[in-house]
Amino acid sequence: MNILRASSQVADVAWNVVRSINQSFSKGHLPIPAWSNSPLRRKRERTFPPLGPRRTQSVCPKCLLEIRDSILHNDLPDRALIDETAVVEAQILEEAGRVLLRKSCERHGPFEDLLASDAQFFWRMEHLYPGCDYERTDTDAHGIHAVRYGRGSYVLVDLTTRCNMKCSPCFMDANRLDHVYEPDLHEIKALLDHALTVEPKRDFNILFTGGEPTISPHFLKAVEYAGSIGLKRLHVATNGIRFAEDAGFAREARAAGLHGVFLQIDGMTEEKNAHRGIANYLDVKLKAIENISAAGMRVTLQVTVINGVNDDALGPIVEFAAQNNEQIFGIVFQPIMFSGRDEEIDDETRYRKRCTISQLASDLQAQTEADWQPLRDWWPMACYSVFSTLVDMLQPNRERGSVFVNSHPDSAVFSAIVVNRETGEWRPVGSFFNFDRFLSDLEDIIDVARGPAMSKAQIILSVLRNLDATKTPKGLTPMDLYRIFQQCLARAAHSGDDQWSKQLYDHDRWSIMFIGMSWFQDLFNYELPNLHTSTAVVADAGLDYTRYVSADVAFSFKNAGGWRQIAEAARCAPSLSKWHKEHGRHPIYANHQFVPISEVRSAPTAVCSPSSSAADAEELTNVLG
């Protein structure tokens, strides 16, 4: 502890000396990366969406759905959905400590929705937003709803509208849509091929989605093809039934190239999952985790949060993830999105079920024993882009840029926790590390652009100076801090093989786990400038092969804004009855059925083999040297 305290104090003095020297000389030039035609951007050079209390643009929920239905049934021109027909002026304002969105339509009257139950938290996230990525050029296909900045950190590839469940909520209304859309392998390959061409040419994650993507007959071949063309961050979003039913299926998925599974779960008891309609739902999840882990893949828990259903059961999910950190990569909490099954929800029910990001931060503080403070330990998801810019500055000659999270601060935030892999004990990073100042330091390092060697030295000084040695978790060493920082960089940087996630943690005594909150917009809280920065985009085939060029579509617009039904109708998706007649009916688990799986073992406690202290000392010496 004394060594850490002394190191922190010396680093703070050294940082200020170096900063003073930097201010005495003109700034260096940020490189033009090999994958871009323009230089990297300093913070002041980036574009920012409108932030703070503001007048903005939204849509009328009723007008937009009327337009969608008229396109589908009354031959209204397709472009009516993506022009300004349904646009209304909106206001985002603070009132009684909350943040509200208010808008009014001449035909349908006023609408109001809650954006934050804690205004201070909301404005803090907006204040910390680091700015947008490069502008995109392929924005014509979706008009006012187009994604206008960045590559997208996750590119979703829908494999089917079918599902082996019939639960609520469902953003797609799977199994109740009046058609079935299931692209063939040729079209899936075309979507994946196109994903590689989108500029800026950054690295990104592929997320196979549905419906339930694992019941698509093309799932394994799609994963294999994605890997064959150089896409190495391959994930699937799933309810886990196929993985729980068949350990062999998990092994096949891993052999095809899959390395990550986003596993839907609502709580750590059967009671909190009961609304999904499966009697042994928690057992299914535990068995899926067991089989996925045994096959060599990691799980990200994906939790839809609904007020009055599971908002009081979030803390145990975090504790479970920490205790099983060998199997669990992270958690994404998603406040409910009123689309699909819920697109025509009445106001009273919407008010009752609506959950906000600021509420989730407060709930997690109350439901865990850690000192997890909403106004200290949460940041906009886009802040991770600072690491991406840093990596791109240090390694400008890579074929692709780093993953750049571009999400609007009102829609995506994260908290980082460090987990002792031997004990499962965890602490929020902000409880012992000044992450706000660290991000500011990294922006300063980018701003002065002193080259790789000097930049790396400044990074080390910043890591040490922002550490409060009196509050660090027991056993955390300077070498552990360095390894944690390397884990952060590895998440952003392009890797030439599909083992990048394994490289993050091999032999590490401590790991960093990110707890994310991702709130997809529905038509009630829709804000167009928010949508323009979407980082979860769906690979879209357009209306047909001749009219619109394939382009990414924002997840919220595709599912809440009506694009799904129009695009799938244009692809000649067969009716549900015709599909059943030609293909038969697939099994659906509902009405509190049991999923037949083998006996579930208790979730194992994570065990790791820490690296040798000699190797740690040698590596740290090389870095500091």
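Analysis parameters
Residues numbered from 1 in each chain as written. Predicted model: local features only at pLDDT ≥ 70, side-chain atom pairs only at ≥ 80, totals over all residues. Heavy atoms only, no water. Helix = DSSP H or I, 4+ residues; strand = E, 2+ residues; numbered from the N terminus. Buried < 20%, exposed > 50% of the residue type's maximum accessible area, 1.4 Å probe, protein only. Areas by Shrake-Rupley, 256 points an atom, 1.4 Å probe, with all protein chains shown as cover. Salt bridge = Lys/Arg side-chain N within 4 Å of Asp/Glu carboxyl O. Phe/Tyr/Trp six-rings, centres within 6.5 Å; stacked < 30°, edge-to-face > 60°. Lys NZ or Arg CZ within 6 Å of the ring centre and 35° of its normal. Pairing = 2+ DSSP bridges. Axes fitted to C-alpha atoms, helices over the stretch in contact; angles between N-to-C directions. Right-handed = clockwise from strand over helix to strand, strands pointing away.

Novice: Explain the overall build of the chain here, please?
Specialist: Helix and strand content of the chain: 22 helices and 16 strands. For the chain, the residues scored as buried account for 63% of the 625 residues in total. Here the chain has roughly 24300 Å² of accessible surface; of this, 51% comes from carbon and sulfur atoms.

Novice: Explain the pattern of salt bridges to me, please; I cannot follow it from the model alone.
Specialist: If charged atoms from side chains of opposite charge come close, those side chains can pair. Under the counting rule described, the total for this entry stands at 42 salt bridges. Its salt-bridge partner being Arg 46, residue Glu 443 comes within 3.0 Å of it at the nearest N-O pair. Here Glu 443 is found in helix α14 (residues 435-448), whereas its partner Arg 46 is found in the loop between α1 (2-23) and β1 (54-59), with 397 residues between them in sequence. Residue Glu 443 shares its accessibility class with Arg 46, and that shared class is buried. Among the ionic pairs, Asp 113 bridges to Arg 350, the shortest N-O distance being 3.1 Å. Remark: Arg 350 occurs in helix α11 (residues 347-353) and Asp 113 occurs in strand β4 (residues 109-116); sequence separation between them is 237 residues. Using a relative accessible area of 2% as the deciding quantity, one classes Asp 113 as buried. Salt bridges sharing partners connect three or more residues here, namely Asp 113, Asp 347, Arg 350, Arg 354 and Asp 522.

Novice: Even after reading the chapter, I still don't get the packing of aromatic side chains, so can you show me in this structure?
Specialist: By convention here, two paired aromatic rings are described through the distance between centres and the angle between planes. All told, the structure shown has 24 aromatic pairs when counted by the stated rule. Measuring from centroid to centroid gives 4.4 Å for Phe 520 and Phe 555, while their planes differ by 40°, and the two rings are tilted. Here Phe 520, found in the loop between β14 (510-518) and α18 (528-531), pairs with Phe 555, found in helix α19 (residues 555-559); they are 35 residues apart in sequence, far enough to count as distant. Take Phe 520 and Phe 555: they sit in the same class, and that class is buried. Taken together, the aromatic side chains of Trp 379, Tyr 384, Phe 387, Phe 414, Phe 433, Phe 435, Phe 438, Phe 485 and Phe 514 make up a single cluster linked through ring pairs. The side chain of Arg 151 reaches across the aromatic face of Phe 204, ending 4.6 Å from its centre. Taking NZ or CZ as reference, Arg 242 lies 4.0 Å from the ring centre of Phe 249, over its face.

Novice: Explain the sheet that holds strand β2 (residues 87-95) here, please?
Specialist: Strands pair in a sheet through their backbones, by hydrogen bonds, and they do so in one of two ways: parallel or antiparallel. Strand order in this open sheet of four strands is β1-β2-β3-β4, and the pairing throughout is antiparallel. The open sheet has two edge strands with one neighbour each: β1 and β4. The sheet shows a mean angle of 30° between the axes of neighbouring strands, taken without regard to direction.

Novice: Explain the pairing of strand β7 (residues 234-238) to me, please; I cannot follow it from the model alone.
Specialist: The two faces of a sheet get side chains in turn, since along a regular strand they alternate between them. Burial analysis of β7 places five of its five residues in the buried class, the great majority of the element. Residues Leu 234, Val 236 and Thr 238 point to one face of β7 and His 235 and Ala 237 to the other, with burial holding for every one of them. Inspection of the sheet shows strand β6 (residues 205-209) paired to β7 by three bridges, in the parallel sense. Residue Phe 208 lies in a different strand from β7, and its bridge partner there is Val 236. Each parallel crossover has a hand, and for β6 linked through helix α5 (residues 219-228) to β7 it is right-handed. Two elements, β7 and strand β8 (residues 260-264), share four bridges in a ladder whose sense is parallel. Looking at β8, one finds that Val 236 is bridged to Val 261.

None of this, on its own, says anything about what the molecule does.
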